[in-house]
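One-letter residues, chain by chain:
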Amino acid sequence: DAGVIQSPRHEVTEMGQEVTLRCKPISGHDYLFWYRQTMMRGLELLIYFNNNVPIDDSGMPEDRFSAKMPNASFSTLKIQPSEPRDSAVYFCASSLGTAGGEKLFFGSGTQLSVL
Amino acid sequence: QKEVEQNSGPLSVPEGAIASLNCTYSDRGSQSFFWYRQYSGKSPELIMSIYSNGDKEDGRFTAQLNKASQYVSLLIRDSQPSDSATYLCAVNTNAGKSTFGDGTTLTVKP
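Only a predicted model underlies this, so the values are computations on that prediction, with no experimental measurement involved. (Residues numbered from 1 in each chain as written. Chains lettered and ligands numbered in written order. Predicted model: local features only at pLDDT ≥ 70, side-chain atom pairs only at ≥ 80, totals over all residues. Heavy atoms only, no water.)

**Quick word on the interface of chain B and chain A**
Quick note on the threshold: By definition in these notes, contact holds between two residues if any of their heavy atoms fall within 4.5 Å. Once two parts are brought into contact, the accessible area they lose, counted with a 1.4 Å probe and summed over both, makes up the buried area. In what follows, salt bridge is the name for a side-chain nitrogen of Lys or Arg lying within 4 Å of a carboxyl oxygen of Asp or Glu. Polar contacts, as used here, are pairs of N or O atoms within 3.5 Å; protein pairs need one atom able to donate a hydrogen and one able to accept it. Residues neighboring in sequence count only if both atoms are side-chain atoms. We count a stretch as a helix when DSSP gives it H or I for four or more residues in a row; a strand needs E for two or more, and each element gets its number in order from the N terminus.
The interface of chain B with chain A comprises 19 residues on the first partner and 19 residues on the second. Both sides together, the interface formed by chain B and chain A hides about 1500 Å², and carbon and sulfur atoms give 53% of it. The interface formed by chain B and chain A holds 0 salt bridges in total. At the surface where chain B touches chain A, the tally comes to 4 residue pairs in polar contact (both at pLDDT 80 or more). Elements supplying a minimum of two residues to the side of chain B that touches chain A: strand 4 (32–38), strand 5 (45–50), strand 9 (85–94) and strand 10 (97–100) of chain B.

**Here we look at the state of the cysteines**
Residues and elements named next belong to chain A. Rules: In plain terms, two cysteine sulfur atoms within 2.5 Å form what is called a disulfide here. When a residue's accessible area, from a 1.4 Å probe over protein chains only, is under 20% of the maximum for its type it is buried; when over 50% it is exposed; and in between it is partly exposed.
Summed over the entire model, instances satisfying the criterion amount to 2 disulfides over all chains. Across a sulfur-sulfur distance of 1.8 Å, cysteine 23 and cysteine 92 are joined as a disulfide pair. A torsion of -65 degrees about the S-S bond marks the disulfide between cysteine 23 and cysteine 92 as left-handed. With cysteine 23 in strand 3 (residues 19–24) and cysteine 92 in strand 9 (residues 88–95), the pair connects residues that are 69 residues apart, well separated along the chain. Across this residue pair, the class does not change: cysteine 23 and cysteine 92 are buried.

Given below as structure tokens:
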């Protein structure tokens, strides 16, 4: 298996622009997570899905952030409008949930820079 | 109080020594505990999981769990320079949801 695939690897944009991050989880995994990592705040859970349904979005910082999972093999995280404080590494991860011991498999991440 | 706390580090040990990494958590209902390793510029990767009190060994790594004390640790024996990385403790309170500590950066000096 190719593992969790994220795109793009790097994104540089200007403040106010829309940013869309993409993720393809490992086939068969029924949980998908979006995390954000910064030096100041560490690794923060933004939102997670179970069987394509959002379960907990309490970590989404504000209404500028939205996430979707239209099917079992694809998810997006959108920021509109983007701000410099959104600059971070965004990780997507998937797991088999309790059936698989809840171990997370991370994608390579998207390094987002908002100028 | 943070849900998951780790020694602030950084931690430096000589090659061949034992590195000890510690983690405490606040939710007594936590069921699953994990250690992830993250090399600089890379994504976290799972190295150990533990679900019941006691020790779990895997090669040079030993995870220890004490639910009464709400404490998890990771011991790395015969530390190697390739072990130099940030180690993240993760705790699951609800099915499938991991909360991470801030990480401890370990440097193993040759």
